[in-house]
Amino acid sequence: MGKNLLELKSLDVSEIVSILDQAQAFHDGEVFRGLEGRIAANLFFEPSTRTQYSFNVAEVKLGLRVVSFNPAGSSLQKNESFYDTVKTFDSFGPDLLVIRHVENEYYNQLLGHVNAKILNGGDGTGNHPTQSLLDLLTIRQEFGHFEGLKVAIIGDVSHSRVAHTNFEVMGRLGMEVCTSGPEEYMETALNYKPFEEAVRESDVVMLLRVQHERHKEKMHLSVEEYHRRYGMDKQKLSWMKDGAIIMHPAPFNRGVEIADEVVECSRSRIFKQVNNGVFVRMAAIKRALWD
Ligand code: CP
């Protein structure tokens with residue numbers, strides 16, 4: 001009973017739609033009391049605001065009790081390993097572990113060694129399943145369907161687990177996905193298009209933060225040049241189709257990939273995405289511990 005949520009590749013479309021339907025029901029006010037008193041441990045080994053705290057809110061809304069983890073105050077500082085830290089938390093007996101870690105597919109080393117269900121809050125540049133699900137929920141609320149929509153994912157694509165997860169799942173759901181941005185961060189397999197063309201033709205323009213913390217070399221462009229060439233500003237907004245929207249997984253850097261005036265403009269769905277994150281995570285928790 002119950003399922004981990006580690007990535008989306010292994011979920012068929014009907015299972016993805018079923019999570020979105022449950023998330024929409026929570027969004028619309030459904031209350032579920034079956035998990036009251038269960039325990040969740042949120043283990044974020046990388047910084048997080050949205051994922052960590054919206055999981056926390058989702059857990060509270062479902063009546064779970066929540067244990068949070070502070071890496072800086074933990075025995076990681078005494079060279080305890082990632083595996084041993086997770087194994088220790090699992091030995092406390094929680095029902096659920098929500099984990100974010102810098103290593104791609106960190107969860108493979110845990111499978112078969114922990115009793116709690118695992119929800120992946122992001123692994124390196126690999127997967128961010130709940131972010132993609134909240135992106136999908138936001139798109140479905142906006143357009144009512146997926147088939148035939150054009151999506152442009154723009155920015156530091158090669159370091160982005162959001163780009164990798166979305167490119168795969170959105171294609172499977174019938175969307176036409178392209179990527180754009182500085183060539184140093186592009187991946188040839190991900191349907192690269194020049195920036196202006198990508199912005200003009202898309203229903204969804206999804207911007208990405210430059211992930212300096214993952215770079216081996218300093219970005220070749222200055223921040224000013226990046227903003228001039230790839231940053232969404234008022235003038236570039238005018239290129240967008242009627243009805244097209246701006247999305248961003250956030251955190252966003254104002255004045256780099258997005259101008260101040262675009263963050264809360266009428267096309268922006270950034271804070272709608274954040275709000276949907278709570279409902280998608282409620283659905284993921286219910287699937288893990290109940291369904
Ligand atoms: N989108 C996202 O994963 O944000 P956080 O890093 O703040 O969790």
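Conventions used here
- Residues numbered from 1 in each chain as written.
- Predicted model: local features only at pLDDT ≥ 70, side-chain atom pairs only at ≥ 80, totals over all residues.
- Heavy atoms only, no water.
- Helix = DSSP H or I, 4+ residues; strand = E, 2+ residues; numbered from the N terminus.
- Rg over C-alpha atoms; globule rule 2.2 N^0.38 Å.
- Contact = heavy atoms within 4.5 Å.
- Lys, Arg positive; Asp, Glu negative; His and termini not counted.
- Charge placed at Lys NZ, Arg CZ, Asp CG, Glu CD.
- Buried < 20%, exposed > 50% of the residue type's maximum accessible area, 1.4 Å probe, protein only.
- Near = heavy atom within 4 Å.
- Polar contact = N/O pair within 3.5 Å; in protein donor to acceptor, adjacent residues only side chain to side chain.
- Nonpolar A, V, L, I, M, F, W, Y, C, P; charged D, E, K, R; others polar.
- Pairing = 2+ DSSP bridges.
- Axes fitted to C-alpha atoms, helices over the stretch in contact; angles between N-to-C directions.
- Salt bridge = Lys/Arg side-chain N within 4 Å of Asp/Glu carboxyl O.
- Core = buried A, V, L, I, M, F, W, Y, C linked by side-chain atoms within 4.5 Å.
- Expected span 1.5 Å × (residues − 1).

Here the focus is the overall build of the chain. Counting secondary structure elements, the chain contains 10 helices and 8 strands. The C-alpha radius of gyration computed for the chain amounts to 19 Å, which stays within 12% of the reference 19 Å derived for 291 residues, consistent with globular compactness. Projected onto the principal axes, the alpha-carbon positions of the chain cover approximately 55 × 45 × 30 Å. The long-range share in the chain, meaning contacts at least 24 apart out of those at least 6 apart in sequence, stands at 73%. Once the 33 positive and 40 negative side-chain charges of the chain are each reduced to a mean point, those two points are 3 Å apart.

Let's shift gears to the side chain of lysine 286. Along the chain, lysine 286 falls in helix 10 (residues 270-289). A relative accessible area of 10% means that lysine 286 is categorised as buried. Not counting chain neighbours up to four residues away, the residues in contact with lysine 286 comprise Gln22, Phe26, Phe32, Leu35 and Asp291.

Near the ligand you find Ser48, Thr49, Arg50, Thr51, Arg100, His128, Gln131, Pro249, Ala250 and Pro251, and these make up its full shell. Between the ligand and arginine 50, the relevant distance is 2.9 Å, taken from an oxygen atom to a main-chain nitrogen or oxygen of the residue. A distance of 2.8 Å separates an oxygen atom of the ligand from a polar side-chain atom of histidine 128. The class makeup of the residues in the shell around the ligand is 3 nonpolar, 5 polar and 2 charged.

Strands sit in the order 2-1-3-4 across an open sheet of 4 strands; the sheet is parallel. Where the open sheet ends on each side, the last strands, each with one partner, are strand 2 (65-68) and strand 4 (117-123). Shown here is a sheet whose adjacent strand axes are inclined to one another by a mean of 15°, direction ignored. Pairing of strand 3 (residues 96-101) with strand 4 involves 5 bridges; the strand directions are parallel. Bridging across to strand 4, isoleucine 99 finds its partner in asparagine 120. The strands touched by helix 10 are strand 3 and strand 4; relative to strand 4, the strand with the most contacts, the crossing angle is about 145°.

So, about the pattern of salt bridges. Evaluation of the coordinates by the stated rule reveals 19 salt bridges. A salt bridge links glutamate 196 to arginine 200, with the shortest nitrogen-to-oxygen separation between them at 2.8 Å. Of this pair, glutamate 196 and arginine 200 both sit in helix 6 (residues 195-201), 4 residues apart, which is roughly one turn of that helix. For glutamate 213, the salt bridge goes to arginine 209, with nearest N and O atoms at 2.7 Å. It is possible to trace a salt-bridge network through shared partners that takes in Lys3, Glu15 and Arg287.

This paragraph deals with the sheet that holds strand 6 (residues 176-180). Spatially, the 4 strands line up as an open sheet ordered 6-5-7-8, and their pairing is parallel. Each end of this open sheet is capped by a strand with a single partner; those strands are strand 6 and strand 8 (245-247). The mean angle between the axes of side-by-side strands here comes to 20°, regardless of whether they run parallel or antiparallel. Pairing of strand 7 (residues 204-207) with strand 8 involves 3 bridges; the strand directions are parallel. For methionine 206, the partnering residue across the bridge sits in strand 8 and is methionine 247.

The next subject is the nonpolar core. Among the nonpolar cores identified, the biggest contains 53 residues, and Leu96, Leu119, Leu136, Met170, Met175 and Ile285 are the most heavily contacted of them. Here this core gets 9 residues from one element, more than from any other, and that element is helix 10. Grouped together as the second largest cluster of nonpolar side chains are 29 residues, Ala198, Met219, Ile246 and Ile270 included.

Glancing now at helix 4 (residues 129-143). Over its 15 residues, helix 4 runs 21 Å from end to end, which matches the ideal 21 Å to within 8%, given 1.5 Å per residue. Burial analysis of helix 4 places 12 of its 15 residues in the buried class, the great majority of the element. For helix 4, the full list of buried residues reads Pro129, Thr130, Gln131, Ser132, Leu133, Leu134, Asp135, Leu136, Leu137, Thr138, Ile139 and Arg140. Trailing helix 4 by a residue or two, glycine 144 shows a phi angle of about 80°, which is positive.

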